[in-house]
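Listed here are the chains, written in short residue letters.
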Amino acid sequence: MPGVNLHRETKGRELLVCRKCGTRFPEGKATQDGWYYRCPEDGCDAEGIGEGLRRLRDDER
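The rules behind these values
Residues numbered from 1 in each chain as written. Predicted model: local features only at pLDDT ≥ 70, side-chain atom pairs only at ≥ 80, totals over all residues. Heavy atoms only, no water. Helix = DSSP H or I, 4+ residues; strand = E, 2+ residues; numbered from the N terminus. Buried < 20%, exposed > 50% of the residue type's maximum accessible area, 1.4 Å probe, protein only. Contact = heavy atoms within 4.5 Å. Areas by Shrake-Rupley, 256 points an atom, 1.4 Å probe, with all protein chains shown as cover. Pairing = 2+ DSSP bridges. Axes fitted to C-alpha atoms, helices over the stretch in contact; angles between N-to-C directions. pLDDT = per-residue confidence, 0-100. Salt bridge = Lys/Arg side-chain N within 4 Å of Asp/Glu carboxyl O.

Our next topic: the overall build of the protein chain. Helix and strand counts for the protein chain stand at 2 helices and 3 strands. Taken over 61 residues, the protein chain has a buried fraction of 28%. For the protein chain, the proportion of contacts with a sequence separation of at least 24, taken over those separated by at least 6, is 42%. Looking at the protein chain as shown, the accessible area adds up to about 4600 Å², and 47% of this sits on carbon and sulfur atoms.

Below is the structure:
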């Protein structure tokens, strides 16, 4: 499926925030494969979009 990442490629990386430690970071720091996400902070074990991590809305940036 060549068009799967089209939105990400044309719009850029999203910003994420960890629900556990509050750290904000670009999506690319939280994943290496685009499927599995975890907080990049040492000592924080939060993982998963919508569970441990969430995308920042435009008004939160």
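The next subject is the sheet that holds strand β3 (residues 53-55). Spatially, 3 strands are ordered β2-β1-β3 in an open sheet, and the strand pairing comes out antiparallel. Strands at the two margins of the open sheet, each flanked by one partner only, are β2 (24-26) and β3. Taking the axes of each pair of neighbouring strands and ignoring which way they run, one obtains an average angle of 35° across the sheet. When strand β1 (residues 15-18) meets β3, the two strands line up antiparallel, connected through 3 bridges. Within the sheet, the bridge partner assigned to Cys 18 lies in β3 and is Leu 53.

A separate point is the confidence of the model for the protein chain. Low-confidence regions, as indicated by low pLDDT, have predicted coordinates that should not be scrutinised in detail. For the protein chain, the average pLDDT comes to 84, and 80% of its residues sit at 70 or higher. Least confident of the elements in the protein chain is helix α1 (residues 6-11), whose mean pLDDT is 38; most confident is β1, at 97. Note that residues 3-12 has pLDDT below 50 and, in this model, 6 contacts with residues that lie over four places away or in other chains.

Applying the stated rule across the entire model yields 4 salt bridges. Two residues, Asp 45 and Lys 20, come together in a salt bridge whose shortest N-O distance is 2.4 Å. On the criterion of sequence distance, the pair formed by Asp 45 in the loop between α2 (27-30) and β3 and Lys 20 in the loop between β1 and β2 is long-range, its members being 25 residues apart. You can call Asp 45 partly exposed: its relative accessible area is 48%. Of the charged contacts, one joins Asp 59 and Arg 57 as a salt bridge, the two residues approaching to 3.1 Å between their closest N and O atoms. Taking relative accessible area as the criterion, Asp 59 reaches 61% and is therefore assigned exposed.

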